Amino acid sequence: MAHKIVPGSAWALVTGAGSGIGRCFALRLAATGYHLVLAGARSSTLEETKAMVLARAAETEAAAKGRKHPGSGFRPEVHCVEIDLARTEAARELFGYTQAEGLPIDVVVNNAGMFSFCDILATPPERIERMILLHDVTNTQLCRLYAAEMVRRGCRGHLLNMSSYSLWMPFPGLALYSASKAYLRAFSVAFAKEVREHGIRVTAACPAGVATDLYGLTPRWQRIGLRCGVLISADTCARKGLRALWRGRRTVVPDWWNRLWIPLCKLLPMWVLRPIRRFTMKFQK
């Protein structure tokens, strides 16, 4: 059953909303009837997402003229917050903004992320710190702050954390990235059990390859990956992540065929990984 709300009756927060999966989350939540708070590192890309949300709402309104159905005149209110989320104080600052503006958040999508494919010994200490802050510290604090506020308001809220399929792939070059995403999934599953009695749902989405700029793939290789089925689109990832959230699932791997490979990823021996490592060393950065 589709998730339905009275259009304009609730607010959703999306981090990393300036592009890719985050932008798709924003578009889908607005289409569902949510007002939006978009947070990210660059105001220019956030404004682009805002413009797309409002343009799509205008198109929907124009198409619905003369017909009566729920949400036909809804134009979401959109706030853009430029913020560096890879800092210890970031979560409190973002929460403080929504509180000061009087925006009661019912849905939080912790989507902001950064990718690193590099051996730990070759990884700058600053990158290690920023990735753990962004993926783990900030997301944990945001979940805690907004869940506590949802409980105070008696809101049956939703929290979606973007983990990664790589948590089952602790391979050379992915030590930092896969470990930070493994924490996020473990935290989400346990936290979901803690807040269930308050009517709050928590989901960890663990997509494999997604056609975005996160991995440094060119648009051409993204198109090839989509055609081959190796990658899924950002919108497909957002759609399946939200569907799992509305249904109360604690973990979702967006495409079923990727679930089949999880046991193999865990069992790959070093004699298989060594040649892969030698090949991929030139891609590490």
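The notes below deal with the structure included here. (Residues numbered from 1 in each chain as written. Predicted model: local features only at pLDDT ≥ 70, side-chain atom pairs only at ≥ 80, totals over all residues. Heavy atoms only, no water.)

The residue arginine 56 is located in helix H2 (residues 43–64) in this model. Judged by its relative accessible area of 42%, arginine 56 is partly exposed. For the pair arginine 56 and alanine 30, spaced 26 residues apart in the sequence, the C-alpha separation amounts to 9.2 Å. (Helix = DSSP H or I, 4+ residues; strand = E, 2+ residues; numbered from the N terminus. Buried < 20%, exposed > 50% of the residue type's maximum accessible area, 1.4 Å probe, protein only.)

Right, let's talk about the nonpolar core for a bit. A general tendency of soluble globular proteins is for nonpolar side chains to be buried together. In terms of nonpolar packing, the biggest core is built from 32 residues, with Ile21, Phe25, Leu29, Leu36, Leu38 and Val107 touching the most fellow members. Look past the residues within four positions of leucine 29 in its chain and what remains in contact with it is Ala12, Val14, Tyr34, Leu36, Val107, Val109, Leu242 and Trp246. In this structure, Trp11, Ala90, Ala147 and Met150 belong to the second largest nonpolar core, which totals 31 residues. (Core = buried A, V, L, I, M, F, W, Y, C linked by side-chain atoms within 4.5 Å. Contact = heavy atoms within 4.5 Å.)

Attention shifts here to a positive patch on the surface. Taken together, the side chains of Arg239, Arg243, Arg247 and Arg249 make up a positively charged region of the molecular surface. Looking at where arginine 247 falls in the secondary structure, it is placed in helix H7 (residues 234–247). (Patch = residues over 30% accessible without salt bridge, like charges linked within 9 Å, V, L, I, M, F, W, Y side chains within 5 Å. Areas by Shrake-Rupley, 256 points an atom, 1.4 Å probe, with all protein chains shown as cover. Salt bridge = Lys/Arg side-chain N within 4 Å of Asp/Glu carboxyl O. Lys, Arg positive; Asp, Glu negative; His and termini not counted. Charge placed at Lys NZ, Arg CZ, Asp CG, Glu CD.)

This paragraph deals with the environment of phenylalanine 74. On the secondary structure map, phenylalanine 74 appears in the loop between H2 and strand E3 (78–82). Of the residues examined, phenylalanine 74 reaches a relative accessible area of 15% and is grouped as buried. Separated by 39 residues in the primary sequence, phenylalanine 74 and histidine 35 place their C-alpha atoms 9.7 Å from one another.

On inspection of all chains with the given rule, the structure shows eight salt bridges. We note a salt bridge from arginine 28 to aspartate 235, for which the minimum N-O separation is 3.0 Å. Of this pair, arginine 28 sits in helix H1 (residues 20–32) while aspartate 235 sits in helix H7, placing them 207 residues apart in sequence. Glutamate 149 serves as the salt-bridge partner of arginine 153, at 3.8 Å between the closest nitrogen and oxygen. Taken together, the residues span about one helical turn, with arginine 153 and glutamate 149 both in helix H4 (residues 125–153) at a distance of four residues.

Turning to the state of the cysteines, a few remarks are in order. Here, the word disulfide means a covalent bond between the sulfur atoms of two cysteines. This structure, assessed with the given rule, holds zero disulfides. Between cysteine 237, a free cysteine, and cysteine 24, which holds the nearest cysteine sulfur, the sulfur-to-sulfur gap is 8.7 Å. (Disulfide = S-S within 2.5 Å.)

Attention shifts here to the sheet that holds strand E6 (residues 201–205). Strand order in the open sheet made by the seven strands is E3-E2-E1-E4-E5-E6-E7, with parallel pairing throughout. Because the sheet does not close on itself, it has two edges, and the strands there are E3 and strand E7 (251–252). By the bridge criterion, five bridges tie strand E2 (residues 34–40) to E3 in an arrangement that is parallel. Within E3, the residue paired with glycine 40 across the bridge is glutamate 82. Contacts from H1 reach strand E1 (10–15), E2, strand E4 (105–110) and strand E5 (158–162), with the element oriented near 165° to E2. (Pairing = 2+ DSSP bridges. Axes fitted to C-alpha atoms, helices over the stretch in contact; angles between N-to-C directions.)

Here a ring pair, both rings aromatic, is described through the centre-centre distance and the interplanar angle of the planes. One pass over the structure, following the stated rule, counts six aromatic pairs. Both rings, one in phenylalanine 187 and one in phenylalanine 191, keep their centres 5.2 Å apart while their planes meet at 15°; by these two values the pair is stacked. You can see phenylalanine 187 and its partner phenylalanine 191 sitting in helix H5 (residues 175–195), four residues apart, about one turn around the helix. You can call phenylalanine 187 buried: its relative accessible area is 17%. Members of the aromatic cluster, connected to one another through ring pairs, are Tyr183, Phe187 and Phe191. (Phe/Tyr/Trp six-rings, centres within 6.5 Å; stacked < 30°, edge-to-face > 60°.)

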